[in-house]
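# Chain and residue survey
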Amino acid sequence: MTTQVAENPVIVGMKNVTKTFPGVVANDQISLDIRQGLVHCLLGENGAGKSTLISILAGMQQPDSGQIEIDGKVSRITSTRAAMKLGVGVVYQHSTLISSMTVLENLMLGDTKRVLLDKKGARTKLRDLSALLGAEIDPEIKARNLGLGQQQQVEIIKALWQGSRVLILDEPTSMLTPQAIESLLASVVRLRNEGLAVIFITHKLREAYAIGDEISVLRKGRMVKHVPARELAKMNESSLKNTVLTAMFGDDQASAGNRKTIEELAGAATASRQARKAGSVSETTVLSVSQVTCSPNDGTRGIFDINIAIRAGEILGIAGIDGHGQSTLAEVLAGQRKLQSGRVLLGETDVTHLDVRARQSMGLRYVTDDRLHEGIVGNLPVSLNLLLKRVGQKPFWNRGRINRQEVLDESNRLISEFDIRTPNPETRAGTLSGGNIQKLLLARELSNNPKLVIFNKPTYGLDLKTVARVREIILEFANEGVAVLLISADLDELTELADRIAVISQGRLIGETPNVGARTAEIVGEIIVNEGAAATGKSRK
Amino acid sequence: MSDKKQVVDSAMRTVSTDGIPAESLTAADTAGQRSKRSGKEIANLLIRTITPVVLAIIAGGLILLAMGKDPLFFYGNIINYGIMGRGWQQSLVMMTPLLLLAAGLIVVFRGKLWNLGYDAQYLLAAVLVIGFAPSLNAVLPWWLTLIVLTLLGVAVGAAWTIVPAILKARFETNEIITTLMMSFIGVGIANLLVRGPFQDPDVVVPQTESIPLDSMLPYIPGTRIHVGLIVAVVVVLILHWVLTRTSFGLRLDIFGANPKTAMHVGINTSRMIVTLFIISGGLIGLAAAMDMLGLWGYVRSNWNPEYGAAVIPFVFLARLNVLGSIPFVAFYAIVANGGQIAAQDSDLSTDFILVLVALILIFMSIIEYIGTRRDLGQSYLPPGLKTSVAQIFGRKKSS
């Protein structure tokens, strides 16, 4: 006790918590103290066990063994409601807001104690909480009209709504531009100063250094490193970097590539542009899109007056805050959504009115961002998922009947070519890890003569090694003359890969810049800021 | 029963399992033909399937006891009348329309489309088949009449699904509502037809002319079971093969798993919706034709056997597997057939059979709920139950 006098009190203490799923130990004997008034950064690759840890704290999963103490008392968090009662609020990576409801309505969803809705009280509470965050939020705006930064602030307010003492932020910065990240970090600091305990999950080391009071590193389900506040205060950025990188990658450092790549992937250094093979971009235009408009429907955004041209071997990046029409653009080009006006040319051919299959066979491919739900059928085996876009086609199907041998041969070929780690081709695809599911999608889309590939957030949520591999694959194919449309919310990724970067906002392309390397992220940020200023000043054409 | 489809099962899971490693989900397998399951999974599946039925029988027995009846007497009579003597033949005859109806529902349900217009599809097909029988019999040989009338039944059943199908395909209109509305309209029209153009002029009660016995479907030699049963079994087998072994079945599974995936991989979802509805309605129309031409021979106004409502729980217990639905349909046919007289012998309302069906549904929901929570590694009890109970009994909780 005497040694802890100077330290902040522990609100939540996890002791030797273990959680296993069939085949995986997701959390292995993890002990973790969450202290009042401190930001505890949790670092680790995807698959390191961070998500499981959160879902245990949030009451969605029960640990197999170990215990959780809250204010020193052993407690069981049996449900999400119990977690809320105990004061644990979570902000997830995905949006939990209902897009057709207003901000206030969304927040009041959690108010179930009283029969009548207390709008006035809710308004006051919202005002107080936004002041605390340093945010300005219109209570009556529909959730779908929130910008991403604002949306996240609302999510945070929602997590705090029931009076949380512990706030968990799950990779909150992965989709934000540098400017938005700064304002988020400022908000987190305010909350901490108010005495909240914050768990900040990230895979970017520089953020952890910027904001963390304590740092813990998870690797393969184990807590491999804990840097308490006292030690962290004494460390500088580079010594922390060494400590953390060693913990994160351990002996794998060599196999993950050279040191520089690791640092970039771990977000310790800023990204630099990858060198492209000379002369890989040719003069032939593969995709030209002119004046394409597609109206919004069902809560998805529309796109307006889009003009794009991509040459063979060129990588065009689309930057922008998530949910500004990127998916609509990809779906329109893939043929999954009908457009209202405009033309899409693939090479010389007008494909505007062709369906998905026809475009597919002409070499247009789409790697979707919604891997789990749109990209694969989780209950079908890997082999059939690899051939999902060729169902019914020869030689795999003959007059409607499957030719198992052909299916097996082709899937084995793709599995080894793309190094998909699966027990066997008959394993259900849904049981693969995120990285292997992405490899499965890449194998499916990149086989059989691609000419233009649309990648929608291709590395989102993947572990670092797979991220590196996926980026390599994209570059390889571009070098071979495939045109690439790379949609990403990760500016580092675009700076690393793209030849040009266009910025999308509210369904319109608002600017474009050639990739000039290190300064590109700033230029993109400026384009976004200028657009915002122009939009409030006068209505845009 | 080596392969099972569990679209419903997995549908129930996907709701609550986002973000949880898929390994923790046992036995969810849309892909019938494809992966093999372990003995544990099969056992799990059997337990989940049979327990609700057993529990329903026990609970039904308790209700009977409470009513002062002897449950063993009642259940014994069900077996007596449903299987013994000629009972099994009657039960098999009763299975004919039920099997086809179950097949018709399974096809759409696997695509996660809900065709709830089965009553109208059945009755309209039945009335038109019976209504046109006399005039066709007059000009065609009996066998050709039967074939033409059967095709007519199929066509009518299918046609009655077209409006909801197109609305769903083009405008994503909720098919539950449209099929139900079309059902009200269709049942009404069927009644109007019985009282109007098809009414038998020789009788006062509003009913159609009866088909003469020699123009009905022939019996299977040596039994009093009409050949409609063979048609039903053959159709069910073919459908099972189509659903599990062909590229169409695979496309249907993809579409059922997620229409967005279907669109992504280039399946024409509008065409899929219309196709599924037409097959569904066609099979229900076929059920009507077989039932009319094999068993009833006439339709009275306001008559509605409500087969669909009876079959739905069993379709889900069979995990939307066509072959798997056969034993369940047989079970229901025996209970319904034997239960008619058994209920009278015990001085019960025949509606007690529906009570049994409802109990099966209730226990099925409970078992699925518990099973899903167990798969997720959570407590068997609903969240918050313990604390609520504790509060009721006044135990103070520290907050």
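Presented here is a report on the structure given in the accompanying data block. (Residues numbered from 1 in each chain as written. Chains lettered and ligands numbered in written order. Predicted model: local features only at pLDDT ≥ 70, side-chain atom pairs only at ≥ 80, totals over all residues.)

## Description of the overall build of chain B
Looking only at helices and strands, chain B features 16 helices and zero strands. Counting every position in chain B, which comprises 399 residues, the buried fraction comes to 46%. Taking the contacts inside chain B whose residues are at least 6 apart along the sequence as the reference set, 76% of them involve residues at least 24 apart. (Helix = DSSP H or I, 4+ residues; strand = E, 2+ residues; numbered from the N terminus. Buried ≥ 20, exposed ≤ 12 C-beta atoms within 10 Å, placed from the backbone. Contact = placed C-beta atoms within 7 Å.)

## A short note on the sheet that holds strand β7 (residues 166–170) of chain A
Residue and element names in this part refer to chain A. Taken in spatial order, the six strands line up as β6-β7-β8-β3-β9-β10 in an open sheet, and their pairing is mixed. Bordering the open sheet on either side are β6 (88–91) and β10 (222–227), each of which pairs with just one other strand. Recorded for the sheet is a direction-independent mean angle of 20° between the axes of neighbouring strands. Of the pairings in the sheet, the one linking strand β3 (residues 39–43) to strand β9 (residues 214–219) comprises four bridges and is parallel in character. Directly across from C41, in β9, lies its bridge partner I215. Running over the sheet, helix α1 (residues 50–57) touches β3, β6, β7, β8 (197–202) and β9 and is turned about 150° from β7. Each of β3, β9 and β10 is contacted by helix α9 (residues 237–249), which is oriented at about 25° to β9, the strand it contacts most. (Pairing = 2+ DSSP bridges. Axes fitted to C-alpha atoms, helices over the stretch in contact; angles between N-to-C directions.)

## Looking at the environment of A:S327
Residues and elements named next belong to chain A. When you line up the elements, S327 lands in helix α11 (residues 326–334). Along the primary structure S327 and D370 are separated by 43 residues, whereas in three dimensions their C-alpha atoms are 9.6 Å apart. For S327, the residues in contact, after removing those within four places along its chain, are T300, D369 and N456.

## What to know about unusual backbone geometry
Residues and elements named next belong to chain A. The step from K394 to P395 runs through a cis peptide bond, and the omega angle for that step is 0°. Examined against the element boundaries, P395 turns out to sit in the loop between α14 (382–386) and β17 (397–398). Of note, N448 is a non-glycine position whose phi angle comes to about 70°, a positive value. In this fold, N448 is placed in the loop between α16 (434–446) and β19 (452–456). We classify N448 as partly exposed; it has 14 C-beta atoms within 10 Å. In the Ramachandran plot, K457 falls in the positive-phi region, its phi being about 45° despite a non-glycine side chain. Note that K457 resides in the loop between β19 and α17 (464–479).

## A closer look at the sheet that holds strand β4 (residues 65–70) of chain A
Residues and elements named next belong to chain A. Within the open sheet, the four strands sit side by side as β2-β1-β4-β5. Their pairing is antiparallel. Both outer strands of the open sheet, β2 (24–35) and β5 (73–75), are each paired with one neighbouring strand and no more. When the angles between neighbouring strand axes are averaged without regard to direction, this sheet yields 25°. Direction of pairing for β4 relative to β5: antiparallel, over a ladder of three bridges. When the sheet's bridge partners are listed, E69 is paired in β5 with V74.

## Overview of the packing of helix α6 (residues 142–159) of chain B against helix α12 (residues 269–296) of chain B
Residues and elements named next belong to chain B. One way to put it is that α6 packs onto α12 with a least axis distance of 6 Å and a crossing angle of 140°. In terms of their interaxial angle, α6 and α12 are classed as oblique. Classified by chirality, the crossing of α12 by α6 is right-handed. Counted together, L146, L149, T150, G153, V154, A155, V156, G157 and A158 of α6 and I278, G281, G282, I284, G285, L286, A288, A289 and L293 of α12 form the full contact between these two elements. Tallied by class, the residues present in the contact of α6 with α12 amount to twelve nonpolar, six polar and no charged. (Parallel < 35°, antiparallel > 145°, perpendicular 65-115°, else oblique. Left-handed = near helix turned anticlockwise from the far one by under 90°. Nonpolar A, V, L, I, M, F, W, Y, C, P; charged D, E, K, R; others polar.)

## Some thoughts on α12(B)
Residue and element names in this part refer to chain B. The end-to-end C-alpha separation of α12 is 39 Å, in line with the 40 Å expected for 28 residues at 1.5 Å each. Summarising burial for α12: 21 of the 28 residues are buried, a large majority. A positive phi of about 80° marks G297, the residue just after α12. (Expected span 1.5 Å × (residues − 1).)

## Details of the environment of B:E175
Following the sequence through the fold, B:E175 ends up in helix α8 (residues 175–195). Beyond its immediate stretch of four places on either side in the chain, B:E175 contacts B:L113, B:W114, B:P164 and B:K168.

## So, the pairing of strand β21 (residues 500–505) of chain A
Residues and elements named next belong to chain A. Relative to β21, strand β13 (residues 315–319) runs parallel, the two sharing four bridges. Opposite A319, over in β21, you have V503 as the bridge partner. Counting the residues between successive antiparallel strands, the hairpin from β21 to strand β22 (residues 508–514) contains two residues, one of them, Q506, with a positive phi of roughly 50°.

## Focus: the pairing of strand β20 (residues 483–487) of chain A
Residue and element names in this part refer to chain A. Counting buried residues in β20 gives five out of five residues, a clear majority hidden from the surface. Along β20, one buried face is formed by A483, L485 and I487 and the opposite face, lined by V484 and L486, is buried too. The pairing of β19 with β20 spans five bridges and is parallel. Each residue of the ladder has a partner; that of L452, found in β20, is A483.

## Description of the nonpolar core
Grouped together as the largest cluster of nonpolar side chains are 184 residues, with contacts concentrated most on A:V484, A:L486, B:L98, B:A102, B:V127, B:V129 and B:V329. Each of domain 2 (275–363 + 450–541) and domain 3 (377–448) of chain A contributes no fewer than three residues to this core. If we skip the residues at most four places from it in the chain, A:V484 touches A:I315, A:V453, A:F455, A:I474, A:F477 and A:A478. Residues A:I11, A:A58, A:I181 and A:L191 belong to the second largest nonpolar core, which totals 73 residues. (Core = buried A, V, L, I, M, F, W, Y, C linked by C-beta atoms within 7 Å. Domains from an automatic or database assignment.)

## Describing helix α7 (residues 162–171) of chain B
All names here are of chain B. Regarding α7, the residues found buried are P164, A165 and K168. Down the axis of α7, the buried side of the element spans an arc of 100°, and every buried residue falls inside it. The exposed residues of α7 that point more than 90 degrees off its buried face are R170 and F171. Contacts made by the buried residues of α7 are with α8 and α12. A positive phi of about 55° marks E172, the residue just after α7. (Arc of directions from axis to C-beta.)

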